[in-house]
Amino acid sequence: MRPKKSALLPALLLAQIAFLTPTGSAEDKVTDIGTTDRVERLFSFPNNCAVICYLPWSLEDTVAHYLRQSVQRDGYADASVDVRERDGRIEVAFDGLPADYGQRIQSFLEAGDLAFAGAQDLNAAGKWKFNWLFFLPLGMAVENHRSVELLHFPPDYSLTQAQNYLQSATTDRWAELLTVNGIEADDTPKYQTIVDIAPIAAPASAGKELEGTYSYFDRYHTAILELWTRKDADTAYPMVAFGAPVRAWIKTAYGADIGVLGLASVTLPSGLDVPVLGSNHPSDIWYASDPKNYDGNEQKADAAGIKVMTQDLKAACWQARMGETPTADASTTLSGCESYWDAHPTDICERFYTKIRELSPDKAREKCAQV
């Protein structure tokens, strides 16, 4: 049974999910996204229910929530999205958006069908865990995005609690690094259109358990990367591969062996060449700089953390510059970013101590004067 809209929802939440009436009524702006069963699967509905629903949204509320996130992140602040059920099907009326926007959503959901089929096969093989949740990258910028981030899997709380694929410590930290490299804070979601190689919301500790699942999603990987990396017939948006499991997957899937700050070009089945940069996982810095890994030696831990911070700033710089100009030479762009940050070691050091060690700016400057 689907949850019903509650009259007791707080006013702020009601304002967030309230239906918006399109200002235009042209039928060509109405997109049929499938049966209620299909839409429930692809939008992981209900997102957050365990007998009592944390957010008692209807299916229509849930779809509207994520589609409005996409619309906003694509930069259409004045657009509206109206979702309704009609004869067992879900229809979406878009207003104030390009004529092809509904087709972009349809193409994404078609890729999602492949992901769900892979998840079913994984379950049939006895490999699905009781605390995993199927979760597509809902709410991403899908038309005016600037780059693609290839990650491992989404944290479960991004689905069950946040209802926001971009709300996590990982994405927040990387968004901040993009702003340091000149991207306006409001524009960072355009650079963070995510593809997880395992479209499974799981606890943060589930990384090892997910090994061996990726091949079940091969058809999904191909479809979503073809859709989101293509800028036009001859140009691809840049992609950053975050973390060792993802870089290992790139090697298996495309034969490209890239380390941190390693650069490659992978060719998709359509023939599109996509520039890919290897990077640390955004959360690696906390593990790399943990003194426990160095027998309590804080000096060694700080040095390791500053090294990772340096690599991360260079990777975010490449992503920002290539996202701004996808036709730029990827290698030349990387060299420029490396040269820039190599010339600013004090800035890197102070950023490590303020952001990771959480020291005051004055204390950070004192620390970095000793490095």
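Our subject is the structure listed above.
The following refers to the structure shown. Each residue is numbered by its place in its chain's sequence as written, counting from 1. Local features in a predicted model are, by the rule used here, given only for residues with pLDDT of at least 70; side-chain atom pairs are given and counted only at 80 or more, and totals for whole chains, interfaces and linings are based on all residues. Derived side-chain values reflect all non-hydrogen atoms in the structure, with water molecules and hydrogen atoms excluded from consideration.

1. Things to note about the sheet that holds strand E10 (residues 239-242)
Here a strand pair is declared whenever DSSP counts at least two bridges between the two strands. Runs of H or I in DSSP of at least four residues are treated as helices and runs of E of at least two as strands, each being numbered from the N terminus. An order of E8-E7-E10-E12-E11 is seen for the 5 strands of this open sheet, with the pairing classed as mixed. Each edge of the open sheet carries a strand with a single partner, namely strand E8 (193-196) and strand E11 (263-267). Neighbour to neighbour, the strand axes of the sheet diverge by 30° on average, direction disregarded. Sheet analysis places E11 next to strand E12 (residues 273-279), joined by 5 bridges and oriented antiparallel. Paired with Ala-264 across the two strands is Val-276, which belongs to E12. For every element, the axis is a line fit to its C-alpha atoms; helices are fit only across the contacting stretch, and the angle between N-to-C directions ranges from 0 to 180 degrees.

2. Describing helix H12 (residues 330-342)
For a helix, the expected span equals 1.5 Å multiplied by the residue count minus one. Here H12 is 13 residues long and its end C-alpha atoms lie 18 Å apart, about the 18 Å a rise of 1.5 Å per residue gives. Of all the positions in H12, only Ala-330, Thr-333, Leu-334, Cys-337 and Trp-341 are classed as buried. Angular distribution of buried residues about the axis of H12 spans 100°; they occupy a single face of the element. Against helix H6 (169-180), E11, E12, helix H11 (298-324) and helix H13 (345-356) lie the buried residues of H12. Whenever a nitrogen or oxygen atom comes within 3.5 Å of another N or O atom, the pair is scored as a polar contact, on the condition that within protein one atom can donate a hydrogen and the other can accept it, and that pairs from neighbouring residues in sequence are kept only if both atoms are in side chains. Its side-chain oxygen 3.2 Å from the backbone nitrogen of Ser-331, Asp-329 forms the N-cap of H12. Three exposure classes are used, based on accessible area relative to the maximum for each residue type with a 1.4 Å probe and protein chains only: buried under 20%, partly exposed in between, and exposed over 50%. The arc under discussion is defined with respect to the helix axis, by the directions toward the C-beta atoms. The contact criterion used is simple: two residues touch if any of their non-hydrogen atoms lie within 4.5 Å.

3. Examining the environment of Ser-265
Locating Ser-265 in the fold gives a position in strand E11. C-alpha of Ser-265 to C-alpha of Leu-133: the two residues are 132 residues apart in sequence and 32 Å apart in space. Ser-265 has contacts with Asp-273, Val-274 and Pro-275, leaving out every residue within four places of it along the chain.

4. Quick notes on the packing of helix H4 (residues 101-124) against helix H8 (residues 218-229)
Orientation of H4 relative to H8, taken along the N-to-C sense of each, is 165°, at an axis distance of 8 Å. The orientation of H4 with respect to H8, classified from their angle, is roughly antiparallel. Two packed elements cross with a definite hand, and for H4 against H8 that hand is left-handed. Contact with H4, carried on its side by Arg-104, Ser-107, Phe-108, Ala-111, Leu-114, Ala-115 and Ala-117, involves Arg-219, Tyr-220, Ala-223, Ile-224, Leu-227 and Trp-228 of H8 and no other residues of that element. Here the nonpolar group is Ala, Val, Leu, Ile, Met, Phe, Trp, Tyr, Cys and Pro; Asp, Glu, Lys and Arg are the charged ones; every other residue, Gly included, is treated as polar. Residues that form the contact of H4 with H8 fall into these classes: 10 nonpolar, 1 polar and 2 charged. Working rule for angles: under 35 degrees goes down as roughly parallel, over 145 as roughly antiparallel, 65 to 115 as roughly perpendicular, anything else as oblique. The crossing is said to be left-handed when, going from far helix to near helix, the turn is anticlockwise and less than a right angle, and right-handed when the turn is clockwise.

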